[in-house]
Amino acid sequence: ITDFGFAPPTSSPSFSGLLRVNGIYLRNQISYNVSYNTITSSNVVGAGTLIGINHYANNATFNFPATTSTIKFNTIALKHNLAAAAVQGIAVGTLSGNVTTTIDILNNKFKQHPDGLPTVDNGAIDFIKNENAAGTVSISNNTFENLAVKVGTGTTTLIWNSNNTPDSNIQNNAIVGSF
C-alpha cells in the first residue's frame, strides 16, 4: 500500500467525527490477522491523523468470544506535512477487545519515510499505540529502524500500552541504527 493519503480526507469512517487517513482500517472485527504488508504514505497528507494500521473500535455492546487478533511482519513508513497533526504507525483502540481476547503486535518494522522525516511540530508521533482492554497483550520483536523525527512541542512514543492488563508481555523491541 503506497502513496495513500495524498488528498485530504473529507470524512472519516469513525464515530468520533475526527478525520483520519488510514492505510488499513479495521472496525467491528474479531480474530483478525494483518500481516506481511508494506505501508508507505504519500509525502503530502492533508488534515487529520495519519495511521498505518488502525483497529479503531468495535461496537460497545459487542459480546467478544475468546479470540486472538494479530498484527505482525508489517513494514510501515509514514510522513505527515501538517504541523499540528498526529501520526500513528499501529493503533488499537479501547473498544477493540476485552478480558477474553488476546492482541499480538509482533515483528513489525518502522522505517524512515523515503522522502524524509515527518514534519510534525505540535502533534504526537506514536509508533505503536495499544489501548485495547484485552486479557493478554504481547508487543514484541518490533524494530524502529534509522528514524529521525521532528517534533517541536509534540511528543514521540515508540510503544504506548495504556491498558491495565495483568498479562502484558512487552519485550525484545529494538531501535536499529540511529534515532
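Just so you know, these numbers come straight off a predicted model, no measurement behind them.

About the thresholds
Starting from 1, residues in each chain are numbered consecutively following that chain's sequence as written. Restriction of local features to residues with pLDDT of at least 70 applies here, the model being predicted, together with a cutoff of 80 or more for giving and counting side-chain atom pairs; totals for whole chains, interfaces and linings are based on all residues. Water and hydrogen atoms were dropped before computing side-chain values, which therefore reflect all heavy atoms in the structure. Cavities and pockets were defined on a 1 Å grid built from protein atoms only: a cavity is a group of points that admits a 1.4 Å probe but offers it no way out, a pocket is an open group of points flanked by protein on both sides within 12 Å along at least five of seven lines, and a lining residue is one with an atom within 4 Å of any such point. Grid points are joined across faces, edges and corners, and a volume is the space filled by probe spheres set on the points. Only DSSP runs of H or I reaching four residues or more are called helices, and only runs of E reaching two or more are called strands; each is numbered from the N terminus. Gly is placed with the polar residues, together with every amino acid not listed as nonpolar (Ala, Val, Leu, Ile, Met, Phe, Trp, Tyr, Cys and Pro) or charged (Asp, Glu, Lys and Arg). Only protein chains enter the accessibility calculation, which uses a 1.4 Å probe; a residue whose area is less than 20% of its type maximum is buried, one above 50% is exposed, and one in between is partly exposed. A pair of strands is labelled paired if DSSP reports no fewer than 2 bridges between them.

## Concerning empty space enclosed by the protein
A water-sized probe, rolled over the atoms, reveals where empty space remains. Inspection of every chain in the model, using the stated rule, returns two cavities of 30 Å³ or more. By volume, the largest cavity is sized at about 150 Å³. Lining of the largest cavity is provided by 18 residues; of these, Leu78, Val87, Lys111, Phe127 and Leu147 occupy positions nearest its centre. For the lining of the largest cavity, the secondary structure elements donating two or more residues are β7 (75-77), β8 (87-92), β10 (109-111) and β11 (124-130). Taken together, the residues of the lining of the largest cavity break down into eleven nonpolar, five polar and two charged. Roughly 50 Å³ of volume is contained in the second largest cavity. As for the second largest cavity, its lining consists of Ile30, Tyr32, His55, Phe64, Thr67, Ser69, Ser96, Gly97, Thr101, Thr102, Ile103 and Asn132. In terms of residue class, the lining of the second largest cavity is built from four nonpolar, eight polar and no charged.

## Details of the pairing of strand β12 (residues 136-140)
In terms of residue burial, β12 counts as a mostly covered element, since four of its five residues are buried. Note that strand β9 (residues 102-106) and β12 share five bridges and pair parallel. Within β12, the residue paired with Ile105 across the bridge is Ile139. Judged from the five bridges that link them, β12 and strand β15 (residues 167-171) form a sheet pairing that is parallel. Residue Ile139 lies in a different strand from β15, and its bridge partner there is Ile170.

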